[in-house]
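# Topology and contacts: notes
Chain by chain, the residues:
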Amino acid sequence: AQTVTQSQPEMSVQEAETVTLSCTYDTSESDYYLFWYKQPPSRQMILVIRQEAYKQQNATENRFSVNFQKAAKSFSLKISDSQLGDAAMYFCATTGGSGGSNYKLTFGKGTLLTVNP
Amino acid sequence: SAVISQKPSRDICQRGTSLTIQCQVDSQVTMMFWYRQQPGQSLTLIATANQGSEATYESGFVIDKFPISRPNLTFSTLTVSNMSPEDSSIYLCSVVPGLPPDTQYFGPGTRLTVL
């Protein structure tokens, strides 16, 4: 079974500053994927970034980047130049690499990010 | 990605009644899932909606309570049956558009309140 732990229930950041959200996971899969989703008050789950476990290079999407430490099973999200629109609940998730049953996402409990103007 | 819509977006229901939630995708997708998000909680997978066959339920969820249909590759429904206040949650459908491996995308969710 897979588990995902987000140890920071809440975080805050000043607009234009940088913030890092932590995530650790445990999985028995040899091939898996890691995701960060954000959920603003509108409740829409929005994909922020995705990382394939077999790739050593950290994924980057504009102001969002990850620090993927496979041996430590750590997958943190860094948000640079934070904007008011980044305020949301952020969920870390993992899934297996292939096959129907391995599409099942396991989510962490989430980190509520507040962006202060 | 795919454009996903859900109906209704929200509803308030009386205990003992049932509600059917629809999930429509603008293109054919490989897989569809239903999740529940209880107030202040993370997402929990209810079931995988299988096209043309019975859904695959996760532990703790049963077909009598959450019947699911998926008649084709773009549409699925989730029914919440014999509702109680404990069923008050956000229900989200998600889809995997392509072949493995592919990212899962979510619909806007249905906020259900049971009185």
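The structure contained in this document is the topic of the report that follows. Quick caveat, the model's predicted, so the values are computed rather than measured. (Residues numbered from 1 in each chain as written. Chains lettered and ligands numbered in written order. Predicted model: local features only at pLDDT ≥ 70, side-chain atom pairs only at ≥ 80, totals over all residues. Heavy atoms only, no water.)

## A look at the overall build of chain A
Counting its regular elements, chain A contains zero helices and twelve strands. Taking 2.2 N^0.38 as the reference for a compact globule, 117 residues should give roughly 13 Å; the C-alpha atoms of chain A span a radius of gyration of 14 Å, in line with that estimate. With respect to the three principal axes, the spread of C-alpha positions in chain A is 45 × 30 × 20 Å. A total of 117 residues make up chain A; the buried ones form 46% of that total. Long-range pairs, those at least 24 residues apart, make up 56% of the contacts in chain A with a sequence separation of at least 6. Taken as two groups, the 10 positive and 10 negative side-chain charges of chain A have centres that lie 6 Å from each other. (Helix = DSSP H or I, 4+ residues; strand = E, 2+ residues; numbered from the N terminus. Rg over C-alpha atoms; globule rule 2.2 N^0.38 Å. Buried < 20%, exposed > 50% of the residue type's maximum accessible area, 1.4 Å probe, protein only. Contact = heavy atoms within 4.5 Å. Lys, Arg positive; Asp, Glu negative; His and termini not counted. Charge placed at Lys NZ, Arg CZ, Asp CG, Glu CD.)

## Things to note about the side chain of glutamine 6 of chain A
All names here are of chain A. When you line up the elements, glutamine 6 lands in the loop between strand 1 (3-5) and strand 2 (10-14). For glutamine 6, a relative accessible area of 9% gives the class buried. The residues touching glutamine 6, leaving out its near neighbours within four places in the chain, are Ser22, Trp36, Tyr90, Phe91, Cys92, Gly108, Lys109, Gly110 and Thr111.

## Quick word on the interface of chain B and chain A
Listed per partner, the contact involves 28 residues of chain B and 21 residues of chain A. Carbon and sulfur atoms make up 55% of the area that chain B and chain A hide from each other, which totals about 1900 Å². On inspection of chain B and its partner chain A, the count reaches one salt bridge. Inspection of the chain B/chain A interface yields ten residue pairs in polar contact (both at pLDDT 80 or more). Looking at the side of chain B that touches chain A, the elements that each hand over two or more residues are strand 4 (31-37), strand 5 (43-49), strand 9 (89-96), strand 10 (105-106) and strand 11 (110-114) of chain B. (Buried area = accessible area lost by both parts, 1.4 Å probe. Salt bridge = Lys/Arg side-chain N within 4 Å of Asp/Glu carboxyl O. Polar contact = N/O pair within 3.5 Å; in protein donor to acceptor, adjacent residues only side chain to side chain.)

## With respect to the sheet that holds strand 1 (residues 4-7) of chain B
Residue and element names in this part refer to chain B. One open sheet holds the four strands; their spatial order is 1-3-8-7, and the pairing between them is antiparallel. With partners counted over all chains shown, the strands left at the sheet margins are strand 1 and strand 7 (68-72), one partner each. The sheet shows a mean angle of 15° between the axes of neighbouring strands, taken without regard to direction. Across four bridges, strand 1 lies against strand 3 (residues 19-25) in antiparallel orientation. In the strand pairing of strand 3, serine 5 is matched with glutamine 24. (Pairing = 2+ DSSP bridges. Axes fitted to C-alpha atoms, helices over the stretch in contact; angles between N-to-C directions.)

## Some remarks on the pattern of salt bridges
All names here are of chain A. Scanning all chains against the criterion turns up five salt bridges over all chains. Note that arginine 50 is salt-bridged to glutamate 52, the shortest N-O span being 3.1 Å. Among the residues examined, glutamate 52 registers a relative accessible area of 12% and is labelled buried. Note that arginine 63 is salt-bridged to aspartate 86, the shortest N-O span being 2.8 Å. Of the two residues, arginine 63 sits in the loop between strand 7 (60-61) and strand 8 (64-69) while aspartate 86 sits in the loop between strand 9 (74-79) and strand 10 (88-96), which places them 23 residues apart along the sequence. On the basis of relative accessibility, which here comes to 3%, the residue aspartate 86 falls in the buried class.

## Observations regarding the packing of aromatic side chains
All names here are of chain A. For the coordinates displayed, the defined rule picks out twelve aromatic pairs over all chains. Taking 6.0 Å as the distance between ring centres and 35° as the angle between the ring planes, the aromatic pair formed by phenylalanine 35 and tyrosine 37 counts as tilted. Neither residue differs from the other here; phenylalanine 35 and tyrosine 37 are each classed as buried. For the ring pair tyrosine 37 and phenylalanine 107, a centre distance of 6.0 Å and an interplane angle of 50° mean the geometry is tilted. Of this pair, tyrosine 37 sits in strand 5 (residues 32-39) while phenylalanine 107 sits in strand 11 (residues 106-107), and the two are 70 residues apart along the sequence. Accessibility expressed as a relative area gives 1% for tyrosine 37, which makes it buried. (Phe/Tyr/Trp six-rings, centres within 6.5 Å; stacked < 30°, edge-to-face > 60°.)

## Let's talk about the nonpolar core
Trp34, Ile46, Phe66, Ile68, Leu78, Tyr91 and Leu112 of chain B are the most contacted members of the largest nonpolar core, which has 26 residues in total. A per-element tally of this core places strand 3 of chain B first, with four residues. If near-sequence neighbours (up to four positions away) are discounted, isoleucine 68 of chain B is found in contact with Trp34, Ala47, Ala49, Ala55, Tyr57, Ser76, Thr77 and Leu78 of chain B. Within the second largest apolar cluster, 24 residues are counted, among which are Leu34, Val66, Ile79 and Leu113 of chain A. (Core = buried A, V, L, I, M, F, W, Y, C linked by side-chain atoms within 4.5 Å.)

## Structural notes on the state of the cysteines
Going through the model one piece at a time under the given rule, you end up with two disulfides over all chains. In this model cysteine 23 of chain A forms its disulfide with cysteine 92 of chain A; the gap between the sulfur atoms is 2.0 Å. Handedness of the cysteine 23 of chain A-cysteine 92 of chain A disulfide follows from its S-S torsion of about -70°: it is left-handed. With cysteine 23 of chain A in the loop between strand 3 (19-21) and strand 4 (24-26) and cysteine 92 of chain A in strand 10, the pair connects residues that are 69 residues apart, well separated along the chain. The buried category is assigned to cysteine 92 of chain A, whose relative accessible area is 1%. Between the sulfur atoms of cysteine 23 of chain B and its disulfide partner cysteine 93 of chain B the distance amounts to 2.0 Å. (Disulfide = S-S within 2.5 Å.)

Geometric values such as these leave the question of function open.
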